[in-house]
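# Reading the structure
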Amino acid sequence: MTVARSNPERRAALVDAAIEVLAREGARGLTFRAVDTEAAVPPGTASNYFANRDDLLTQAGARVYERLQPDEETIARQHAASPDLETYTLFMRELVGRVSSFRTGYLALLELRLEATRRPELRAVLTERVRADVDANVTYHEGSGLPGDATAVKLLMLAFNWLIVEQLTLPGVFSEEERDALIKAAVDRIVGGSPLPGD
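Quantities reported herein were computed from a predicted structural model and do not represent experimental measurements.

## Quick notes on the environment of Val134
- In this fold, Val134 is placed in helix α8 (residues 120-144).
- Filtering out sequence-adjacent residues up to four positions away, Val134 remains in contact with Lys154 and Met157.

## A word on the packing of helix α6 (residues 85-101) against helix α10 (residues 176-191)
- Packing of α6 against α10 leaves a shortest axis separation of 9 Å and a crossing angle of 135 degrees. Between α6 and α10, the angle is such that the two are oblique. Between α6 and α10 the crossing geometry is right-handed. From α6, Leu85, Tyr88, Thr89, Met92, Arg93, Val96, Gly97 and Ser100 reach across to α10, where they touch Arg179, Asp180, Ile183, Lys184, Val187, Asp188 and Val191.
- Here the contact of α6 with α10 is composed, by residue class, of seven nonpolar, three polar and five charged.

## Side note on the side chain of Asp133
- Tracing the backbone through its elements, the reader meets Asp133 in helix α8.
- No salt bridge is formed by the buried Asp133; its nearest oppositely charged neighbour, Arg129, is found at 4.4 Å.
- Every residue in contact with Asp133, bar those within four places of it in the chain, is listed here: Tyr65, Gln69 and Met157.

## Digging into the side chain of Asp36
- Structurally, Asp36 can be placed in helix α2 (residues 32-39).
- The buried charged residue Asp36 lacks any salt bridge, with Arg33 as its nearest oppositely charged partner at 7.1 Å.
- Residues contacting Asp36, with those up to four places away along its chain left out, are Leu14, Val41, Pro42, Pro43, Gly44, Thr45 and Ala46.

## Remarks on the environment of Tyr88
- When you line up the elements, Tyr88 lands in helix α6.
- C-alpha of Tyr88 to C-alpha of Leu155: the two residues are 67 residues apart in sequence and 14 Å apart in space.
- Here Tyr88 is in contact with His141, Leu146, Pro147, Val153, Leu156, Val187 and Val191, once residues within four sequence places are set aside.

## Concerning the pattern of salt bridges
- Summed over the entire model, instances satisfying the criterion amount to 13 salt bridges.
- Glu94 is the salt-bridge partner of Arg77, the closest N and O atoms lying 2.8 Å from each other. With Arg77 in helix α5 (residues 72-80) and Glu94 in helix α6, the pair connects residues that are 17 residues apart, well separated along the chain.
- With relative accessibility at 38%, the residue Arg77 sits in the partly exposed group.
- Relative accessible area serves as the criterion here: at 23%, Glu94 is assigned to the partly exposed category.
- Between Arg179 and Asp180 there is a salt bridge, and its shortest N-O distance comes to 4.0 Å.
- A relative accessible area of 12% means that Arg179 is categorised as buried.
- Connected via shared salt-bridge partners are Arg53, Asp54, Glu115, Arg118 and Arg119.

Conventions adopted
Residues numbered from 1 in each chain as written. Predicted model: local features only at pLDDT ≥ 70, side-chain atom pairs only at ≥ 80, totals over all residues. Heavy atoms only, no water. Helix = DSSP H or I, 4+ residues; strand = E, 2+ residues; numbered from the N terminus. Contact = heavy atoms within 4.5 Å. Axes fitted to C-alpha atoms, helices over the stretch in contact; angles between N-to-C directions. Parallel < 35°, antiparallel > 145°, perpendicular 65-115°, else oblique. Left-handed = near helix turned anticlockwise from the far one by under 90°. Nonpolar A, V, L, I, M, F, W, Y, C, P; charged D, E, K, R; others polar. Buried < 20%, exposed > 50% of the residue type's maximum accessible area, 1.4 Å probe, protein only. Lys, Arg positive; Asp, Glu negative; His and termini not counted. Salt bridge = Lys/Arg side-chain N within 4 Å of Asp/Glu carboxyl O.

Function cannot be read off these values alone, since they describe shape.
In structure tokens, the structure reads:
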């Protein structure tokens, strides 16, 4: 029986390597050997840290969410900002920019979601994690004083998730200027209730 190693720095480096492999080669390309190569560690290292491939997939998913969290400086700045529609738009632009800048992480997460359709354990873990993320965003929003309700937060999450997919997979569809305009329009219409053109 193999006992998983517990060096946290080495484990984090291996999980980060797994994210890169997932983004580049997809879930089918995620092997312990590929992770060892990506992390530039001796062959067999990853198998000493993870019980099996499902364990590695699950930890990669958790790590992506961990790395996507805003830093303390960003959170402090958001708490100090005025709670209006303009601030909301700025926050959403920062959010889309932050998530989009971790391209490999988001692509790895898409791979994990596809893999979760075939792996009930992974699906359960990702469902719990995404649900917690939705709840945390709603709770944060409700305490922030920003305009809009829980439904608006969920609608924006859905809209911006797909905008990020578009930016990362087909970046030529929308320019950066169009992306910013779409973010503003989404906030205005979903949160501010602005009418659609022609209404």
